[in-house]
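Okay, here's what each chain looks like letter by letter:
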Amino acid sequence: VFVATGGGQPRLWLRPLDTVAAQPMAGTEGGSFPFWSPDSRSVGFFAEGKLKRVDIGGLPQTLANASLGRGGAWTPDGAIFFSPTGGGPLFRVPAAGGAVVALTKLQENQTSHRFPHMLPDGRRFLFYSTGAAGVHGTYLGSLNSPETKLLVATDLAASYLQPGWLLSVRQGTLVAWRFDLSAAEVVGDPLTVADPVGFDNISTAGAFSVSATGLIAYRS
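Engineer: Provide a residue-level description of the environment of T204, including the pertinent values.
Structural biologist: Relative to the helices and strands, T204 is located in the loop between strand 20 (199-200) and strand 21 (205-206). Residue class for T204 comes out buried when judged on its relative accessible area of 6%. When neighbours within four sequence positions are excluded, T204 is seen to be in contact with R114, F115, Y128, T130, D155, L156 and A157.

Engineer: Go over the sheet that holds strand 10 (residues 91-94), please, and point to the residues and values.
Structural biologist: The strand order across the open sheet built from 4 strands is 8-9-10-11, with neighbouring strands paired in antiparallel fashion. A strand with exactly one partner marks an edge of an open sheet, and here the two such strands are strand 8 (72-74) and strand 11 (101-102). Pairing of strand 10 with strand 11 involves 2 bridges; the strand directions are antiparallel. The partner of R92 across the bridge, within strand 11, is V101.

Engineer: Any details on the layout of surface pockets? Residues and values, ideally.
Structural biologist: One way to see where empty space is left: roll a probe the size of a water molecule over the atoms. Estimates place the volume of the largest pocket at around 2,200 Å³. In terms of lining residues, the largest pocket is bounded by 50 residues, among which P34, W36, F208, S209 and V210 are the most central. Counting residues per element, the lining of the largest pocket draws most heavily on strand 4 (residues 32-36), which supplies 5 residues. In terms of residue class, the lining of the largest pocket is made up of 32 nonpolar, 15 polar and 3 charged.

Engineer: So what about the side chain of R70? Which residues, and what values?
Structural biologist: With respect to the secondary-structure elements, R70 resides in the loop between strand 7 (61-65) and strand 8. Here R70 is buried and forms no salt bridge, its nearest opposite-charge partner D200 lying at an N-O distance of 6.0 Å. Each residue touching R70, except ones within four places of it in the same chain, is listed here: F33, F46, S83, T85, R114, F115 and S203.

Engineer: Just give me the short version of the pattern of salt bridges, but keep the residues and values in it.
Structural biologist: Scanning the model with the defined rule gives 5 salt bridges in all. Between K52 and E48 there is a salt bridge, with the nearest N and O atoms lying 2.6 Å from each other. A salt bridge links R124 to D121, with the nearest nitrogen and oxygen atoms 2.7 Å apart. Residue classification places R124 among the buried residues on the basis of a relative accessible area of 18%. Take D121: its relative accessible area is 36%, and that puts it in the partly exposed class.

Engineer: Could you give me a rundown of the pairing of strand 12 (residues 110-118), with the residues and numbers involved?
Structural biologist: Counting buried residues in strand 12 gives 8 out of 9 residues, a clear majority hidden from the surface. As defined by bridge partners, strand 12 adjoins strand 13 (residues 124-131) across 6 bridges and the pair is classed as antiparallel. By the bridge assignment, R114 is partnered in strand 13 with Y128. Taken together, strand 12 and the strand that follows it, strand 13, pair antiparallel across an intervening segment of 5 residues, in which G122 is found at a positive phi of about 75°.

Conventions and cut-offs
Residues numbered from 1 in each chain as written. Predicted model: local features only at pLDDT ≥ 70, side-chain atom pairs only at ≥ 80, totals over all residues. Heavy atoms only, no water. Helix = DSSP H or I, 4+ residues; strand = E, 2+ residues; numbered from the N terminus. Buried < 20%, exposed > 50% of the residue type's maximum accessible area, 1.4 Å probe, protein only. Contact = heavy atoms within 4.5 Å. Pairing = 2+ DSSP bridges. 1 Å grid on protein atoms, 1.4 Å probe; cavity = no way out; pocket = protein on both sides within 12 Å on 5 of 7 lines; lining within 4 Å. Points joined across faces, edges and corners; volume = space filled by probe spheres on them. Nonpolar A, V, L, I, M, F, W, Y, C, P; charged D, E, K, R; others polar. Lys, Arg positive; Asp, Glu negative; His and termini not counted. Salt bridge = Lys/Arg side-chain N within 4 Å of Asp/Glu carboxyl O.

If you want it as structure tokens, here you go:
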């Protein structure tokens, strides 16, 4: 699923990776930053100042306010982590709708937590923090503890790739760091995956996505 402009405004489009044909998804006009549910039957996204979800073949459902959505992640136990604004912590909401609660807490000199990415254990997650020099980068969070850990100083949000890599765009190049998941540590220097790869410094998003099977999609 990706965002493209058709008919004068952006919307979500759905494309099987084994074809070249894409179809617009009904009711997703103005959509941005889509993300899949673990079972690939639904997509979360932001539009009209809201966090929404749409089941494949269905119509969108509004879940929460999100005046300037900056990424979301769907957990195996049926929750959605998301960034509702350009500043502040991450929040959590049931994927079926319900109460919205804070998930993270800003630390000193941090300005925004955004673009969460679930790790395979379903309890830990990555997120990107903006802020002063020395605190911005990719962090590790956990549902079992309020503590967070800076993993690597990146300029853009990172994603996890099986069986143990962190991916992010650095100066237009998609790079990968070896990530020891058990020790929660980045090991060694980054390797080049693809070049060039698009990115947006304002939202801090790279134009790439990774799947649980290890497949990478990106825009040059």
